Amino acid sequence: MFDHELMDTETAAVKKELRSMKRTFRIGLAACALLSGVIGFSAGTMAAKNSKASVVVQSVERRPQNVENVPVTSMNIPSVAALTQNSVVEIRTESVTNSLFLRQFVTEGAGSGVIISEDGYIVTNNHVIEDARSILVALHDGTTYEAQLVATDSKMDIGVIKIEASGLTPAILGDSDSLSVGEPVVAVGNPLGQLGGTVTNGIVSALDREIILNNEHRNLLQTNAAINPGNSGGGLFNADGELIGIVVAKSSGEDVEGLGFAIPINDAKPIIEDLIAQGYVGGRVSLGITALDLTTPQLAAQYGFKTPGVYVQSVIENSSAANGGLQPGDCFVSINDTAIEAISDITSILNESSVGDQLEITVKRDGKIVELTLTLQEKKG
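Remember, it's a predicted structure, so these values are computed and weren't measured experimentally.

Draft legend 1. View of the overall build of the protein. Summing up its helical and strand segments, the protein has six helices and 26 strands in all. Evaluated residue by residue, the protein yields a buried proportion of 51% over its 381 residues. Within the protein, contacts between residues separated by at least 24 positions form 65% of all contacts whose residues are at least 6 apart in sequence. Just so you have it, the protein exposes about 17500 Å², and 48% of that area is on carbon and sulfur atoms.

Draft legend 2. Representation of helix H1 (residues 77–84) in the model. Taken together, the buried positions of H1 are occupied by Ser79, Val80, Ala81, Leu83 and Thr84. In this structure, the buried side of H1 is in contact with strand E6 (88–98), strand E13 (184–189), strand E14 (198–213) and strand E16 (235–237). The N-terminus of H1 is capped by Asn76, whose side-chain oxygen sits 3.0 Å from the backbone nitrogen of Ser79.

Draft legend 3. Representation of the pairing of strand E10 (residues 144–153) in the model. Of the strand pairs in this sheet, strand E9 (residues 132–138) and E10 are connected by four bridges, and their pairing is antiparallel. Across the sheet, Ala138 pairs through a bridge with Thr144, a residue of E10. The turn joining E9 and E10, which pair antiparallel and follow one another in sequence, is formed by five residues; a positive phi near 95 degrees is taken by Gly142. The pairing of E10 with strand E11 (residues 158–162) spans five bridges and is classified as antiparallel. Residue pairing in the sheet places Asp153 in a bridge with Ile158 of E11.

Draft legend 4. Spotlight on a negative patch on the surface. A contiguous patch of negative charge on the surface is contributed by Asp175, Asp177, Asp208 and Asp267. Within the fold, Asp175 resides in the loop between strand E12 (172–173) and E13.

Draft legend 5. Summary view of the packing of aromatic side chains. A full pass over the atoms with the stated rule returns one aromatic pair. Here the aromatic rings of Phe305 and Tyr311 are separated by 3.8 Å at their centres, their planes lie at 20 degrees, and the arrangement is stacked.

Draft legend 6. Summary view of the side chain of Arg365. Of note, Arg365 is situated in strand E24 (residues 358–365). For Arg365, a relative accessible area of 17% translates into the label buried. For Arg365, the side chain forms a polar contact with the side chain of Asp330, separated by 2.8 Å. Ignoring any residue separated from it by four or fewer positions in sequence, one finds Arg365 in contact with Gly325, Leu326, Gln327, Asp330, Val370 and Leu372.

Draft legend 7. Here's a closer look at unusual backbone geometry. Even without glycine at this site, Asp157 takes up a positive phi of about 60 degrees. Looking at the element boundaries, Asp157 is found in the loop between E10 and E11. Here Asp337, not a glycine, exhibits a phi torsion of approximately 70 degrees, which is positive. Note on placement: Asp337 falls in the loop between strand E22 (331–335) and strand E23 (338–339). What makes Asp337 exposed here is its relative accessible area of 77%.

Draft legend 8. Here's a closer look at the nonpolar core. By size, the foremost hydrophobic cluster in this structure holds 34 residues, and its most contacted members are Ile158, Phe237, Leu243, Ile263 and Ile272. No other element matches the six residues that helix H3 (residues 265–278) contributes to this core. Inspection of this core shows a minimum of three residues originating in each of domain 1 (77–163) and domain 2 (176–277). Membership of the second largest hydrophobic core comes to 22 residues, among which are Ala291, Ile349, Val370 and Leu372.

Draft legend 9. Representation of the environment of Ser112 within the structure. As for its position among the elements, Ser112 is in strand E7 (residues 104–115). Assessed through its relative accessible area of 0%, Ser112 is described here as buried. Separated by 22 residues in sequence, Ser112 and Glu90 place their C-alpha atoms 4.7 Å apart. Once residues within four sequence positions are removed from consideration, Ser112 is found in contact with Val89, Ile91, Thr124, Gly189, Asn190, Gly230, Asn231, Ser232, Gly233 and Gly234. Within the structure, Ser112 has its side chain in polar contact with the backbone nitrogen of Asn190 (distance 2.9 Å).

The rules behind these values
Residues numbered from 1 in each chain as written. Predicted model: local features only at pLDDT ≥ 70, side-chain atom pairs only at ≥ 80, totals over all residues. Heavy atoms only, no water. Helix = DSSP H or I, 4+ residues; strand = E, 2+ residues; numbered from the N terminus. Buried < 20%, exposed > 50% of the residue type's maximum accessible area, 1.4 Å probe, protein only. Contact = heavy atoms within 4.5 Å. Areas by Shrake-Rupley, 256 points an atom, 1.4 Å probe, with all protein chains shown as cover. Polar contact = N/O pair within 3.5 Å; in protein donor to acceptor, adjacent residues only side chain to side chain. Pairing = 2+ DSSP bridges. Patch = residues over 30% accessible without salt bridge, like charges linked within 9 Å, V, L, I, M, F, W, Y side chains within 5 Å. Salt bridge = Lys/Arg side-chain N within 4 Å of Asp/Glu carboxyl O. Lys, Arg positive; Asp, Glu negative; His and termini not counted. Charge placed at Lys NZ, Arg CZ, Asp CG, Glu CD. Phe/Tyr/Trp six-rings, centres within 6.5 Å; stacked < 30°, edge-to-face > 60°. Core = buried A, V, L, I, M, F, W, Y, C linked by side-chain atoms within 4.5 Å. Domains from an automatic or database assignment.

What follows is the structure, given as structure tokens:
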């Protein structure tokens, strides 16, 4: 697994840089979870419940609407809201982090989730529930449940949790590949962590928008439906009330409005199925490091390095990196003759690699150039 220390999900933003020739956009993006910190001294983590149940994510019969023959260019918003609101939940979390002075902080977070089975499986974003010691789910009718973690995938920013309930209203899964630009959609979620069940409407602004978010290249749906902190993990629905995307991010910065993004449901579905069935996404490669993207001399100096660069921070035991000889403090120069200037360059290479592939890696170590050959292993969990 290629792990990178992420910034706070509320304030995290990627650099603004447009790669127009490749239709790749580096837009200032903020993951839409809502976080707040409270100084405290409690500790402990919630035990993960890694379900091995059969896969439950499936398309279900469309529930009847109160409107007939609605063309794709229009939408009966009250009807869609009635069909979808019971399928979207509020999520509240508590996490414990350590400060530089070894004090512990209890961080409260809020986000959204979508029910995908009658017996309590819920999909959300990884960044909503990452490192949470407790997860509380509130249904649209106000009923609350303690949720257990099933599994998460940081690459696609998808997480699955489970509540002990039955007779829930799962979302109807749509077909995100059949969407058209300009098609009406609604977003349902928990903006600001206090307004659960909020419905906002808009259109599909773009398809397959390639975005770099948290150093990962993502092909996302773009919408102008209002997205705010707390909407992360909520649903994006079409005119038939079908789930066609999982809300993941919004634009950030002044003078920017109407730029929200969602993971297409056709991309999310196989990830969700793997997470439920085996606790990880099969076929993914793992490098086995955490890395630092130090972009300025000042930032490099804070970590004890003389020059900016992409540095190995830690190496996981028995990983591809460990077996291939990567060490903490190594500064990446190139991988397979491709220059490494940012962590996103590494993730792009890994995304195009398969288990068993070999990588020729050049690093700087103690002022010397070192050549290494790594064999990629499968990421499990």
